[in-house]
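# Observations on chain architecture
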Amino acid sequence: MKKALTLTVVANMTANYSEGLGNISSVQKVFKNRKVYSIRSRESLKNAMMVQSGLYDDLQTEVDGATQKLVTEDLNVANCKALEGGYMSTKGTTYIRKSSFYLTDAISTDNFVNETRFHNNLYLASTEARQKGINLQEKSKESGLMPYQYEYDKSLKVYSLTIDLEMVGKDDNFNTEASSEEKAARVKAIIETVENLSLVVKGNLDNAEPVFIVGGMSPRKTHYFENVVRVQGENLELSEDLIGKLEKGFTCGLLKGKEFLNEDEIVEQLKPKSMTAFFGDLYKEIDAWYGV
């Protein structure tokens, strides 16, 4: 029986930022295979998806040492979609409910090459200096002139998403459960966000829609394609294992536009659907699974 929905995505997206040093912002990175790769962390990716999907629209918070999601007997996963991503409530009785969906880090397919961008607020500082009647070059601090710089990265990145379909809408802490219609709506909201993912980083609007995607309904609650989707240079690896897994009841989608140099081979060997068809069929499968 199929109990999960799993997807592995290749998308052209920016990295998020880690700790900065002074006025220098550094992108998040990971070290593997003796090389450094930029990433968008799973925490950053999940938060962006929760916001864009509308799951955080009914989010309520409280403070108990740190700010946390508000959870009560009357406000739980069954009637609050913001809690679908999991919670730990420590005020009074401690309640813990794991997330019903999991993401991996989105890791770049190419090792990191430092591209630093240099900026300043010269126009604003010039306006401030003019208003005060001072010389900007002589009194730059008084006018608030501030140069700053940050690393920039936008590259093909690979991430996986797996949703536990049996867990969506259920809260065992309070023995409550959402309707089948509500469960299906939440899952489709997450998947629609993957289809149209948009990120804003350092003032840059980032279209992070998939250029290649593979997956579907699965009997295994794991990132089934995580270890077989690889990009080498500008080519998608068409390994025997990728093809073999794909043949076990899964499908793939391709955004045609020569993002991959071996696009013709991908079409010939994997028989991908268009992105519109891939997601359209997936929405129907979700409705069918929940019987709506």
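Please read all numbers here as calculations on a predicted model, not as lab measurements.

Each value, and the rule that gives it
- Each chain has its residues counted from 1, following the order in which its sequence is written.
- Residue-level local features of this predicted model are given only where pLDDT is at least 70; pairs of side-chain atoms are given and counted only at 80 or more, and the full residue set underlies all totals for whole chains, interfaces and linings.
- The basis for every side-chain value is the complete set of non-hydrogen atoms in the structure, without hydrogens or water.
- The numbering of helices and of strands both runs from the N terminus, where a helix is a DSSP run of H or I of at least 4 residues and a strand a run of E of at least 2.
- The rule is simple: take the accessible area with a 1.4 Å probe, protein chains only, and divide by the maximum for that residue type; under 20% is buried, over 50% is exposed, in between is partly exposed.
- Residue contacts are counted whenever heavy atoms from the two residues lie within 4.5 Å of one another.
- Every residue is assigned a pLDDT by the predictor, reflecting its confidence on a scale from 0 to 100.
- What makes a nonpolar core is a set of buried Ala, Val, Leu, Ile, Met, Phe, Trp, Tyr and Cys residues whose side-chain atoms join them at distances within 4.5 Å.
- Whether two strands pair depends on DSSP finding at least two bridges between them.

If you trace the backbone, Ser 89 turns up in strand S7 (residues 87-89). When its relative accessible area of 1% is taken as the criterion, Ser 89 is described as buried. Setting aside chain neighbours within four positions, we find Ser 89 in contact with Glu 62, Gln 68, Lys 69, Val 71, Thr 94 and Tyr 95.

Ala 125, Thr 127 and Ala 129 are the residues of helix H2 (residues 122-132) that are buried. Buried positions along H2 lie against helix H3 (140-143). Positive phi appears at Gly 133, one or two residues downstream of H2, with a value of about 70°.

Attention now goes to the confidence of the model for the chain. With 99% of its residues at a pLDDT of 70 or more, the chain has an overall mean of 92. Here strand S2 (residues 24-25) stands out as the element of the chain with the lowest mean pLDDT, 80, in contrast to helix H4 (residues 180-195), whose mean of 98 is the highest.

For soluble globular proteins, the rule of thumb is that nonpolar side chains tend to be buried together. In this structure, Leu 5, Tyr 159, Ile 163 and Ile 191 are the most contacted members of the largest nonpolar core, which totals 35 residues. Elements supplying a minimum of two residues to this core: strand S1 (4-14), helix H1 (42-53), strand S9 (101-103), strand S13 (154-164), H4, strand S18 (210-218) and helix H7 (275-290). With 7 residues, H7 is the single largest residue contributor to this core. Residues within four places of Ile 191 in sequence aside, it is in contact with Leu 5, Leu 7, Leu 161, Ile 163, Phe 279, Leu 282, Tyr 283 and Ile 286. Judged by nonpolar contacts, the second largest core, of 21 residues, contains Leu 156, Tyr 224, Cys 252 and Leu 254.

So, on to the sheet that holds strand S11 (residues 116-120). Pairing within the open sheet is mixed, and its 3 strands lie in the order S2-S12-S11. A strand with exactly one partner marks an edge of an open sheet, and here the two such strands are S2 and S11.

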